[in-house]
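Below are the chains, spelled out letter by letter.
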Amino acid sequence: MRAGFLAGAAFAIGAIAGTFVIAPIVNRQPQTVVPQAAVPPTDPFQNARTKGDAAMDAGRCEDAVAAYERALSIRFDAGTATDLGICQRQLGRREQAVAAFEFVTLKEPSHWQARYNLTAMLLELGRVDEARKSFEILKTQRPNDDTLRVLEQTLAKHP
């Protein structure tokens, strides 16, 4: 009797183990993979632009110039090109600064910050007639802007 009981108990334990332990492992169905939110690829332009901004804020204009040039080699952006010109000016590369500002005003004539910086650079270089022409364009873009007063006063000092 005892052997029968043990055999029955072994069978019951085997059945339970087979049903609840082994079968789920052996008969596992492939699970559906739930896609996670895709991580957007890093934008090389934006990475370079951000590095340029950080370098410019830290006063490291050489690093900023390199980063802005790298960004602009990917795509044109008027703000980035204007910041490149500002850094060139701070480094004493005045002709390169003028070229940067002129390039922006050619690509995006309505970009008033580049026009403002171009006018200031032309004045700094003593190119007063060109500065006056540039200022007239700027004045039509921003007719009631008080920030233009300094440029206007400086131009008035030149005959």
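The structure this text deals with has already been given above.
These numbers come from a predicted model, not from an experiment.

Enquirer: So what about the nonpolar core? Which residues, and what values?
Expert: Core analysis: the largest hydrophobic core is formed by 15 residues, its most contacted members being Phe135, Leu151 and Leu155. Put simply, the parts of the chain that give this core at least two residues each are helix 5 (94–107), helix 6 (112–124), helix 7 (128–141) and helix 8 (149–156). Here this core gets five residues from one element, more than from any other, and that element is helix 6. Apart from residues lying up to four places away in sequence, phenylalanine 135 is in contact with Thr119, Leu148, Leu151, Glu152 and Leu155. Judged by nonpolar contacts, the second largest core, of eight residues, contains Met56, Cys61, Val65 and Leu84.

Enquirer: Report on the side chain of histidine 111, specifying residues and quantitative values.
Expert: Along the polypeptide, histidine 111 turns up in the loop between helix 5 and helix 6. Setting aside its immediate chain neighbours within four residues, histidine 111 contacts Ala78, Gly79, Thr82, Val104 and Gln141.

Enquirer: Explain helix 3 (residues 61–74) to me, using residue names and the numbers behind them.
Expert: Every α-helix carries 3.6 residues per turn, so stepping three or four residues along brings you back to the same face. Over its 14 residues, helix 3 runs 20 Å from end to end, which matches the ideal 20 Å to within 8%, given 1.5 Å per residue. Looking only at helix 3, the buried set comprises Cys61, Ala64, Val65, Ala67, Tyr68 and Ala71. The elements touched by buried residues of helix 3 are helix 2 (44–57) and helix 4 (78–90).

Enquirer: Just give me the short version of the packing of aromatic side chains, but keep the residues and values in it.
Expert: Within the structure shown, the criterion is met by one aromatic pair. Note on phenylalanine 76 and phenylalanine 103: the rings are 5.6 Å apart at their centroids and 80 degrees apart in plane angle, and the pair reads as edge-to-face. Residue phenylalanine 76 is found in the loop between helix 3 and helix 4, and its partner phenylalanine 103 is found in helix 5; the two are separated by 27 residues along the sequence. Taking relative accessible area as the criterion, phenylalanine 76 reaches 27% and is therefore assigned partly exposed. Directly above the aromatic system of tryptophan 112 lies the positively charged group of arginine 142, at a separation of 3.9 Å from the ring centroid.

Enquirer: Can you explain the environment of tyrosine 68? Please cite residues and give values.
Expert: With respect to the helices and strands, tyrosine 68 occurs in helix 3. Ignoring any residue separated from it by four or fewer positions in sequence, one finds tyrosine 68 in contact with Arg49, Gly52, Asp53, Met56, Thr80, Asp83, Leu84 and Cys87.

Enquirer: Tell me about helix 5, residues and numbers included.
Expert: Here helix 5 spans 20 Å end to end across 14 residues, near enough to the 20 Å set by a 1.5 Å rise per residue. Along helix 5, the positions that sit buried rather than exposed are Ala97, Val98, Ala100, Phe101, Val104 and Thr105. When helix 5 is viewed along its axis, its buried side chains cluster within an angular range of 160 degrees and face the same direction. Buried residues belonging to helix 5 abut helix 4 and helix 6.

Thresholds applied
Residues numbered from 1 in each chain as written. Predicted model: local features only at pLDDT ≥ 70, side-chain atom pairs only at ≥ 80, totals over all residues. Heavy atoms only, no water. Core = buried A, V, L, I, M, F, W, Y, C linked by side-chain atoms within 4.5 Å. Buried < 20%, exposed > 50% of the residue type's maximum accessible area, 1.4 Å probe, protein only. Helix = DSSP H or I, 4+ residues; strand = E, 2+ residues; numbered from the N terminus. Contact = heavy atoms within 4.5 Å. Expected span 1.5 Å × (residues − 1). Phe/Tyr/Trp six-rings, centres within 6.5 Å; stacked < 30°, edge-to-face > 60°. Lys NZ or Arg CZ within 6 Å of the ring centre and 35° of its normal. Arc of directions from axis to C-beta.

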